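# Per-entry structural report
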Amino acid sequence: MPTGALPDAEFPKPVDTSPPGGYQGVFSRRMDTERTAQGTAGEIPSPDMKVVEEMQQGIVAGFLDVQQAKAEGKPVVWTSVLLPREIFQAMDVAAVYGNVLGSYASIFGLSAKYCQLAEESGLSRDVCAVHRCMLGLAVCDEREELFDLAFAKPDIAIGSNFPCMSESKSFLLVADRYRLPTYFVDTPLGPGGRGRPAPDHAVAYYVAQLRGMIDFLVSHGHRFDMERLKEEVAFTKALNTLFEEIDRYKMAVPLPIKAYDNVIAATAPLVLPKRLRTMAIFERLRDELRERVEKGVGVVPDEKLRLLWIGMPPLCDFKLLDYPERRGAVVAKSMLEFLTGFNLDPRLMDPEKPLESIARAQLASPANPPLGAMIDYFVQATKDYRIDGVVSVVKRTCGIIPGIQRLNKEAIREATGVPSIVFDLDGVDAREYDAAATKASLDAFIDVLLARKGAA
Ligand code: SF4
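Here is a short report on the structure shown in this document. Since the structure is predicted, the reported quantities are computational estimates derived from the model, not experimental observations. (Residues numbered from 1 in each chain as written. Predicted model: local features only at pLDDT ≥ 70, side-chain atom pairs only at ≥ 80, totals over all residues.)

## Overview of the pairing of strand β2 (residues 94-97)
A two-sided burial pattern is seen for β2, the buried positions comprising Ala94 and Val96 on one face and Ala95 and Tyr97 on the other. Relative to β2, strand β1 (residues 76-79) runs parallel, the two sharing four bridges. The residue bridging valine 76 from the neighbouring strand is alanine 94, located in β2. Considered for its hand, the β-α-β crossover made up of β1, helix α3 (residues 85-90) and β2 is right-handed. (Buried ≥ 20, exposed ≤ 12 C-beta atoms within 10 Å, placed from the backbone. Helix = DSSP H or I, 4+ residues; strand = E, 2+ residues; numbered from the N terminus. Pairing = 2+ DSSP bridges. Right-handed = clockwise from strand over helix to strand, strands pointing away.)

This is the structure we're talking about:
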């Protein structure tokens, strides 16, 4: 494999790009500004667990690392957070993850502004709202403080079609805007069922795609060291083994972790910067969860119902996931957790064959179409998390998930007898979000579930 191009000596000395008050200050200011703007304290969720709060601050710190890299003259890459993290870590790639920025823009109440900007740049309102948020953010000239820190003008762009086609088109708009060299990682279809191995020809093809990405990065100033990649794969294997243990605590009744904490904790392995992505922080998460489970601490005092949320949660109103709690119902599992690196099966990862391991595990991920593995995953989650009802939401602008909601519903009903409700909900573009209708749908479903359990 090729090795690196730019020796360290060619980079200027590091400069301090920290914002006043550090990154924690930025996050707090952003929270305060939004709360004031919305006029309702607490609209933007805060983590409940201390260790998760630390993870959230660490994610914001990772945004700032990109500014540091830019100031040092290192090439910044515009890409997707769902491309193999291990390769970017091993090559010290400073990346702007567009899909993470787009999601955060919605969480911070800025989706209407950035979707509008993307549409004014020529995007149809039918394009996925996550991508419109991120493209509006990428192409505009002025951003809020947090996003000014999170965004750096990229030097190269890497696109992919994992898990959906939106990314494969949207990254071209950024490349066009900044006239960037591009590389595209084509991900073949998965085996179509949980536990089935990816075919060898697909693994070989995907390894070649990843090698091409590495060559592209090397040709733009990054360096590659196979030993470092082996270390990263070994880390992911250990981390994902730990996450299996964490997941067992999360299955406990009563539920020990709130929905928002769950999403942050599950996203952290993908987006924490390397220096903060340690085993220690995830071991603390496990220990805090274990303590809660042993003491019987739940997110509601009298848990009556456990829900599984399939489809994009309402990012622009994340607190909605807490709404059922007033009636003793908890969202025990949501689909956002499911997109993270946790789904790289540690049993498929051999650090001595790092690229092949990544390819085998990612192709077999439930997030990889044709989505048979995703349906199997939700059936299993319904059993493992002792789910009473499934909330399946249809985001109009998503090109994948709406198409399998009925299949999910039927598969879960057949395997477990657990009912689902399916309804429209675009919770990313605030202009299309209807909180009252969503709450009415949830209330009606909870009524049915409580009656069904005889617990009304
Ligand atoms: S899977 Fe759906 S919601 Fe997610 S990025 Fe693709 S189109 Fe958007």
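So that's the structure; there's more coming.
## Structural notes on the sheet that holds strand β5 (residues 305-310)
In space, the four strands of this open sheet follow the order β6-β5-β7-β8, with parallel pairing throughout. Every other strand in the sheet has two partners, leaving β6 (329-334) and β8 (420-424) as the edge strands with one partner each. Going across the sheet, the axis of each strand differs from the next one's by a mean of 30°, ignoring polarity. One ladder, built from five bridges, connects β5 with β6; its direction is parallel. Within β6, the position partnered with leucine 307 by the bridge is valine 331. (Axes fitted to C-alpha atoms, helices over the stretch in contact; angles between N-to-C directions.)

## Details of the sheet that holds β1
With parallel pairing, four strands are arranged side by side in an open sheet as β2-β1-β3-β4. Each edge of the open sheet carries a strand with a single partner, namely β2 and β4 (182-185). Averaged over all pairs of adjacent strands, the angle between strand axes in this sheet comes to 25°, irrespective of strand direction. Each of β1 and β2 is contacted by helix α4 (residues 98-107), which is oriented at about 45° to β2, the strand it contacts most. Contacts from helix α8 (residues 166-178) reach β1, β3 (156-160) and β4, with the element oriented near 165° to β3. (Contact = placed C-beta atoms within 7 Å.)

## Thoughts on the nonpolar core
Grouped together as the largest cluster of nonpolar side chains are 138 residues, with contacts concentrated most on Val96, Leu101, Cys133, Leu137, Leu210, Leu307 and Leu308. Counting residues per element, this core draws most heavily on helix α2 (residues 50-71), at nine residues. Contact partners of cysteine 133, with chain neighbours within four places excluded, come to Gly102, Ala105, Ser106, Ser111, Tyr114, Cys115 and Val428. (Core = buried A, V, L, I, M, F, W, Y, C linked by C-beta atoms within 7 Å.)

## Quick word on the environment of arginine 284
Summarising the element assignment, arginine 284 is placed in helix α12 (residues 279-295). Overall, arginine 284 belongs to the partly exposed group, with 17 C-beta atoms counted inside 10 Å. Sequence separation between arginine 284 and lysine 50 is 234 residues, and the spatial gap between their C-alpha atoms is 9.8 Å.

## Here's the deal with helix α14 (residues 372-384)
Here α14 contains 13 residues, and its C-alpha end-to-end distance of 18 Å stays within 8% of the 18 Å for a straight helix at 1.5 Å per residue. Among all positions of α14, only Ala373, Met374, Ile375, Phe378, Ala381 and Thr382 are buried. If you follow the buried residues of α14, they end up packed against β5, β6, β7 (389-394) and α15 (401-416). Once α14 ends, the next one or two residues include arginine 386, with phi positive near 50°. (Expected span 1.5 Å × (residues − 1).)

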